[in-house]
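# Coordinates in review
The chain contents come next:
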Amino acid sequence: MKTMKNPYRNKLCVITGGSSGIGYSVAEQLADQGAQLLLIARDATKLDTAAAALRQRGASRVETLSADITRAQDIAKIGPAIAALGSAADLVVNSAGVVSAGMLDEVPMTEWQRLFGINVFALVEVLQAVLPAMRQRAEEHGVGGQIINIASAAGIVGFPGMAAYGATKAAVIGLGESLRAELASLHIGVTTVCPGFVQTPIAQKVRFFGRMDHPKVRRSVEKQFARNNLQPEAVARAALRGAVRNDSLVVIGRDARSGYWTKRIAPVVLQKMLAKAAGVPSHRLQPS
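This structure is a prediction, so every number in the text was calculated from the model and none was measured. (Residues numbered from 1 in each chain as written. Predicted model: local features only at pLDDT ≥ 70, side-chain atom pairs only at ≥ 80, totals over all residues. Heavy atoms only, no water.)

Within the fold, N119 resides in helix α5 (residues 109–141). Overall, N119 belongs to the buried group, its relative accessible area being 1%. At 2.9 Å, the side chain of N119 forms a polar contact with the backbone nitrogen of V98. Reaching out from N119, the side chain makes a polar contact with the side chain of T168 at a distance of 3.2 Å. Contacts of N119, omitting those with residues within four sequence positions, involve G97, V98, Y165, T168, K169 and V172. (Helix = DSSP H or I, 4+ residues; strand = E, 2+ residues; numbered from the N terminus. Buried < 20%, exposed > 50% of the residue type's maximum accessible area, 1.4 Å probe, protein only. Polar contact = N/O pair within 3.5 Å; in protein donor to acceptor, adjacent residues only side chain to side chain. Contact = heavy atoms within 4.5 Å.)

At H187, a position not held by glycine, the phi torsion is positive, near 60°. Within the secondary structure, H187 sits in the loop between α6 (163–183) and β7 (188–195). H187 gets classed as exposed once you look at its relative accessible area, which sits at 64%. A positive phi is found at N246, a non-glycine position, where the angle reads about 55°. With respect to the element layout, N246 can be found in the loop between α8 (232–245) and β9 (249–252). On the basis of relative accessible area, N246 is assigned to the partly exposed category, the value being 27%.

All right, on to the nonpolar core then. If you look at the biggest cluster of nonpolar residues, it comprises 43 residues, and the most contacted ones within it are L38, I40, I78, M134, I147 and L183. Listed by contribution, the elements that provide at least two residues to this core are β1 (12–16), β2 (36–41), α4 (78–83), α5, α6, β7, α9 (254–265) and α10 (267–278). Broken down by element, this core gets its largest block of residues, nine residues, from α5. Apart from residues lying up to four places away in sequence, I40 is in contact with V14, I15, T16, G17, G18, L47, L65, A67, I69 and I78. (Core = buried A, V, L, I, M, F, W, Y, C linked by side-chain atoms within 4.5 Å.)

This part covers the pairing of strand β3 (residues 61–66). As paired elements, β2 and β3 share six bridges and run parallel to each other. Residue Q36 lies in a different strand from β3, and its bridge partner there is R61. Handedness of the β2-helix α2 (residues 44–57)-β3 crossover: right-handed. (Pairing = 2+ DSSP bridges. Right-handed = clockwise from strand over helix to strand, strands pointing away.)

Packing of helix α1 (residues 21–32) against α2 leaves a shortest axis separation of 8 Å and a crossing angle of 30°. Considering their axes alone, α1 and α2 lie roughly parallel with respect to each other. The interaxial crossing formed by α1 with α2 has right-handed handedness. Here α1 contributes Y24, A27, E28, A31 and D32 to the contact with α2, which in turn contributes A50, A53, L54 and R57. Residue classes in the contact of α1 with α2 are distributed as six nonpolar, no polar and three charged. (Axes fitted to C-alpha atoms, helices over the stretch in contact; angles between N-to-C directions. Parallel < 35°, antiparallel > 145°, perpendicular 65-115°, else oblique. Left-handed = near helix turned anticlockwise from the far one by under 90°. Nonpolar A, V, L, I, M, F, W, Y, C, P; charged D, E, K, R; others polar.)

What follows covers α2. For α2, built from 14 residues, the straight-helix expectation of 20 Å at 1.5 Å per residue is met to within 8% by its first-to-last C-alpha distance of 20 Å. Within the sequence span of α2, burial applies to L47, A50, A51 and L54. Considered in projection along α2, the buried side chains sweep an arc of 105° and stay on one side of the axis. Among the exposed residues of α2, those oriented more than 90 degrees off its buried face are T45, T49 and Q56. (Expected span 1.5 Å × (residues − 1). Arc of directions from axis to C-beta.)

Considering every residue of the chain, the mean pLDDT works out to 91; 93% of them sit at 70 or more. When the criterion is pLDDT under 50, residues 280–285 qualifies, and its contacts beyond four places in sequence or with other chains add up to six contacts. (pLDDT = per-residue confidence, 0-100.)

Time to look at the sheet that holds β1. Paired through backbone hydrogen bonds, the strands of a sheet run either parallel or antiparallel to each other. Strand order in the open sheet made by the seven strands is β3-β2-β1-β4-β6-β7-β9, with parallel pairing throughout. Where the open sheet ends on each side, the last strands, each with one partner, are β3 and β9. Averaged over neighbouring strand pairs, the angle between their axes works out to 15° when direction is ignored. The pairing of strand β4 (residues 91–94) with strand β6 (residues 145–150) spans four bridges and is classified as parallel. By the bridge assignment for β6, N94 is matched with N149.

Dropping the structure here:
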């Protein structure tokens, strides 16, 4: 599979958040390879529009499932939708997610619950819906598969004002590592993708709380998205390339790679940079 030009030709690929952003960009590149696609998202109209465009690009088949993955009754539809297309998914891409910003003590618990509900718990429920069939096929027929979970650089580096969001993405990284070990013997790989600021519709949907709910902060965040200039197509390419190689972690984007390597090589330097960004004297972050 790794040596094929189009490794996902005719393979069944399931994508949450597949009607926009990174999820749709992944779907586009899979369509170019002639994959079978099952797109999952809430908005049926957007799904129909996306499906039509993907068929034009060359997908061998495109089906859609209008579902809210935070609802148990909608999660229950995923297994049957996959079974109608094949015995199990060959690739599962968990791309659905939300983001907000605010100092830890200024983000209400309802927002923490919303973030974890969508970014973590819904992702887990999707995996619980797709994995039994993938396991059974691997055990009976020796056919593995791949899972891509979209996390974030905020799950690697604790950026100030991103405690709630970063905690959800750190959870995604952690569960990806555990799941990768659990599924290794079945040749089902798990790749976690950590992009920096990506120019997708989610950039306009960031919720701000407390002192971060200020025009100056909003403008600063907008500048970060623009400065990084990371397009969803680039994230999709890196994610699929990492999946084909069965990479454990894919870090993409100038800000993401900078934070990742600085944390590994010069953690004290990173602490000072983050303290400066948060307006906290750096000596207060040094161990006593």
